[in-house]
Amino acid sequence: MSVIKELEENLLQHKIKPTAMRLLVLEYLLDHEIAVSLTDLYRDFVKSDRTTIYRTLKAFEDNGLVHSIDDGTGVPKYALCSDACDVGKHDDAHIHFHCDKCGKTYCLPKFSIPHFELPESFSKNEVNLVVKGICPDCK
Ligand SMILES: [Zn+2]
Ligand SMILES: [Zn+2]
Ligand SMILES: [Zn+2]
């Protein structure tokens, strides 16, 4: 199967109609081990406008292909999901790591967020765990 064909399959599995733009964004995300921001994508896709890129990411997020990460920088980052995610359903309770030196944000899918209890009468919607430190590239 060609790479393009595989990317198309991946989109179709998540009920996303493959378009040239969506294939490009998916390929970009696959090529990057780290989470990327809208600005990263925009910088590398000069021919497209921010709204189109944003809509593409939003569609991916709604359909369980990428998750957004709040790493505390105030700029949302996006990364590909595992196979556990599907249309309208995310299962990304893993730790994220933000490097204080280079500013990169990593997904650590093998490290899940530990279970904990909240005080009575607090109810949680989502849990976000970002570890800050120095990444292997900056060591
Ligand atoms: Zn997900
Ligand atoms: Zn680093
Ligand atoms: Zn992640």
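Quantities reported herein were computed from a predicted structural model and do not represent experimental measurements. Numbering of residues begins from 1 in every chain and follows the order in which that chain's sequence is written. Starting at A for chains and at 1 for ligands, labels are handed out in the order in which the entities are written. With the structure being a predicted model, the display of local features is reserved for residues of pLDDT at least 70 and the display and counting of side-chain atom pairs for 80 or more, all residues being used for whole-chain, interface and lining totals. The side-chain quantities take in all heavy atoms of the structure and omit both hydrogens and water.

**Here's the deal with the overall build of the protein chain**
Alright, step 1. Looking only at helices and strands, one finds 4 helices and 6 strands in the protein chain.
Alright, step 2. From first element to last, N terminus to C terminus, the protein chain shows the α and β order α-α-β-α-α-β-β-β-β-β.
Alright, step 3. The C-alpha radius of gyration computed for the protein chain amounts to 16 Å, which stays within 12% of the reference 14 Å derived for 139 residues, consistent with globular compactness.
Alright, step 4. Dimensions along the principal axes, computed over C-alpha positions, put the protein chain at roughly 50 × 35 × 30 Å.
Alright, step 5. The contact rule is simple, with two residues in contact once any of their heavy atoms fall within 4.5 Å. Summarising the internal contacts of the protein chain: among those between residues at least 6 apart in sequence, 50% fall at separations of at least 24. By the criteria applied, helices consist of DSSP H or I runs no shorter than four residues and strands consist of E runs no shorter than two, each listed in order from the N terminus. Within these notes, the globule rule equals 2.2 Å times the number of residues to the 0.38 power, and the radius of gyration is based on C-alpha atoms.

**Overview of the confidence of the model for the protein chain**
Alright, step 1. With 99% of its residues at a pLDDT of at least 70, the protein chain reaches an overall mean of 92.
Alright, step 2. Per residue, pLDDT measures the predictor's confidence, with a range of 0 to 100. Mean pLDDT across the elements of the protein chain ranges from a minimum in helix H3 (residues 38-44), with 90, to a maximum in strand S6 (residues 130-133), with 97.

**Remarks on the nonpolar core**
In summary, soluble globular proteins display a tendency toward joint burial of nonpolar side chains.
Alright, step 1. In this description, a nonpolar core means a group of buried Ala, Val, Leu, Ile, Met, Phe, Trp, Tyr and Cys residues linked to one another through side-chain atoms lying within 4.5 Å. Accessibility here uses a 1.4 Å probe with only protein chains present; expressed as a share of the type maximum, an area under 20% marks a residue as buried, one over 50% as exposed, and anything in between as partly exposed. One finds Leu-11, Val-25, Leu-41, Ile-53, Leu-57 and Phe-60 to be the most contacted residues of the largest nonpolar core, which totals 19 residues.
Alright, step 2. Listed by contribution, the elements that provide at least two residues to this core are helix H1 (3-13), helix H2 (20-31), H3 and helix H4 (50-62).
Alright, step 3. The greatest single-element share of this core, amounting to 6 residues, is contributed by H2.
Alright, step 4. In this structure, Val-25 is in contact with Leu-41, Phe-45, Thr-56, Leu-57 and Phe-60, ignoring residues within four places of it in sequence.
Alright, step 5. Formed by 5 residues, the second largest nonpolar core is a distinct cluster that contains Phe-97, Cys-99, Tyr-106 and Cys-138.

**Points about the packing of H1 against H2**
A pair of packed helices is captured by two measures, namely the crossing angle of their axes and the spacing between those axes.
Alright, step 1. Viewed as axis vectors pointing N to C, H1 and H2 meet at an angle of 100 degrees, and their least axial separation amounts to 10 Å. Between H1 and H2, the interaxial angle falls into the category roughly perpendicular. Contact residues: H1 offers Ile-4, Leu-7, Glu-8, Asn-10 and Leu-11, while H2 offers Arg-22, Leu-23, Leu-26, Glu-27 and Leu-30.
Alright, step 2. Residues are grouped as follows: Ala, Val, Leu, Ile, Met, Phe, Trp, Tyr, Cys and Pro are nonpolar; Asp, Glu, Lys and Arg are charged; every other residue, Gly included, is polar. Residue composition of the contact of H1 with H2, by class: 6 nonpolar, 1 polar and 3 charged. Here the axes come from fitting lines to C-alpha atoms, over the contacting stretch only for helices, and the angles between their N-to-C directions go from 0 to 180 degrees. To sort the angles, those under 35 degrees are grouped as roughly parallel, those over 145 as roughly antiparallel, those from 65 to 115 as roughly perpendicular, and the leftovers as oblique.

**Observations regarding the coordination of the zinc ion (ligand 1)**
Alright, step 1. Here a donor is any nitrogen, oxygen or sulfur atom (N, O, S) within 2.8 Å of the metal, with 3.2 Å used for Na, K and Ca; water is not among the atoms considered, so some sites may look incomplete. Those protein atoms acting as donors to the zinc ion (ligand 1) are Cys-81 (SG), Cys-85 (SG), His-90 (ND1) and Asp-92 (OD), and they sit at 1.9 to 2.2 Å.
Alright, step 2. In terms of primary sequence, the donors binding the zinc ion (ligand 1) are separated according to C-x3-C-x4-H-x1-D. For the pair Cys-85 and Asp-92, a shared accessibility class is recorded, and that class is buried.

**Remarks on the sheet that holds strand S4 (residues 94-99)**
Alright, step 1. Strands are labelled as partners when DSSP assigns at least two bridges between them. Taken in spatial order, the 3 strands line up as S5-S4-S6 in an open sheet, and their pairing is mixed. The open sheet terminates on both sides in strands that have one partner only, identified here as strand S5 (105-112) and S6. Taken over all neighbouring pairs, the strand axes of this sheet differ in orientation by 30 degrees on average, direction set aside.
Alright, step 2. With 5 bridges joining them, S4 and S5 adopt antiparallel strand pairing. Of the residues in S5, the one forming a bridge with His-94 is Ser-112.

**Side note on unusual backbone geometry**
Alright, step 1. Phi is positive for Lys-15, close to 55 degrees, though the residue is something other than glycine.
Alright, step 2. Looking at the secondary structure, you find Lys-15 in the loop between H1 and H2.
Alright, step 3. The class of Lys-15 is exposed, set by a relative accessible area of 63%.
Alright, step 4. The phi dihedral of Ser-121 falls on the positive side, at around 70 degrees, and the residue is not glycine.
Alright, step 5. In this fold, Ser-121 is placed in the loop between S5 and S6.

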